[in-house]
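Below, each chain spelled out in residue letters.
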Amino acid sequence: MEKLNVLNASMTSLSNKEKCPHCGSEKGFEPGIILDPFMGSGTTGVVAKKLGRNYLGIEINKSYIRIAEERIRKTSNPLF
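The rules we used
- Residues numbered from 1 in each chain as written.
- Predicted model: local features only at pLDDT ≥ 70, side-chain atom pairs only at ≥ 80, totals over all residues.
- Heavy atoms only, no water.
- Helix = DSSP H or I, 4+ residues; strand = E, 2+ residues; numbered from the N terminus.
- Buried < 20%, exposed > 50% of the residue type's maximum accessible area, 1.4 Å probe, protein only.
- Contact = heavy atoms within 4.5 Å.
- Polar contact = N/O pair within 3.5 Å; in protein donor to acceptor, adjacent residues only side chain to side chain.
- Expected span 1.5 Å × (residues − 1).
- Pairing = 2+ DSSP bridges.
- Right-handed = clockwise from strand over helix to strand, strands pointing away.

> I keep staring at the overall build of the protein chain and nothing clicks. Help me out?
On a plain count of helices and strands, the protein chain comes out with 3 helices and 2 strands. Secondary structure elements of the protein chain, listed N to C terminal, follow the sequence α-β-α-β-α. The buried share of the protein chain, taken over its 80 residues, is 22%. Within the protein chain, counting contacts between residues at least 6 apart in sequence, those at least 24 apart form 52% of the total.

If you want it as structure tokens, here you go:
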């Protein structure tokens, strides 16, 4: 059985995500859209923007939506 190393977005820091843009999969990278169905404060969106990736975040709580929008808006352009 193949062992996968999956990062839990709520348990890792921003710097760990930036170090691991492929999220631990040894399958390589194929461009696509990053989907975060529970966006919260927008950490996944921030990292996706820094890495120049497309993303889609879904959040039901309006307070968190405002926080995520502000964090993503303040995020600098892609690192690469």
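> Sorry, what's going on with the side chain of Asp-36 here?
Within the secondary structure layout, Asp-36 lies in strand S1 (residues 33-36). Reaching out from Asp-36, the side chain makes a polar contact with the side chain of Thr-44 at a distance of 3.2 Å. In contact with Asp-36, other than residues within four places in its own chain, are Thr-44, Leu-56, Gly-57 and Ile-58.

> Help me understand helix H2 (residues 43-50), please; the structure alone is not making it clear to me.
The α-helix advances 3.6 residues per turn, and as a result positions three or four apart in sequence lie on the same side. Along H2, 6 of the 8 residues are buried, which leaves the element largely enclosed by surrounding structure. Within the sequence span of H2, burial applies to Thr-44, Gly-45, Val-46, Val-47, Ala-48 and Lys-50. Trailing H2 by a residue or two, Gly-52 shows a phi angle of about 70°, which is positive.

> Could you clarify how one ought to interpret helix H3 (residues 62-74) in this entry?
Over its 13 residues, H3 extends 19 Å from the first C-alpha to the last, a length consistent with the 18 Å expected when each residue adds 1.5 Å. The opening residue of H3, the one whose side-chain oxygen lies 2.8 Å from the backbone nitrogen of Ser-63, is Asn-61.

> What's the story with the pairing of S1 in this structure? I'm lost.
Regular strands place their side chains on alternate faces of the sheet. Strand direction decides the pairing type here: S1 and strand S2 (residues 54-57), joined by 4 bridges, are parallel. Looking at S2, one finds that Ile-33 is bridged to Asn-54. On the question of chirality, the crossover connecting S1 to the parallel S2 by way of H2 is right-handed.

> Honestly, the environment of Gly-40 in this entry has me stumped. Any pointers?
Residue placement: Gly-40 occurs in the loop between S1 and H2. According to the relative accessible area criterion, Gly-40 is buried, its value standing at 15%. With 24 residues separating them along the chain, Gly-40 and Tyr-64 place their C-alpha atoms 5.4 Å apart. Setting aside chain neighbours within four positions, we find Gly-40 in contact with Glu-59, Tyr-64 and Ala-68.

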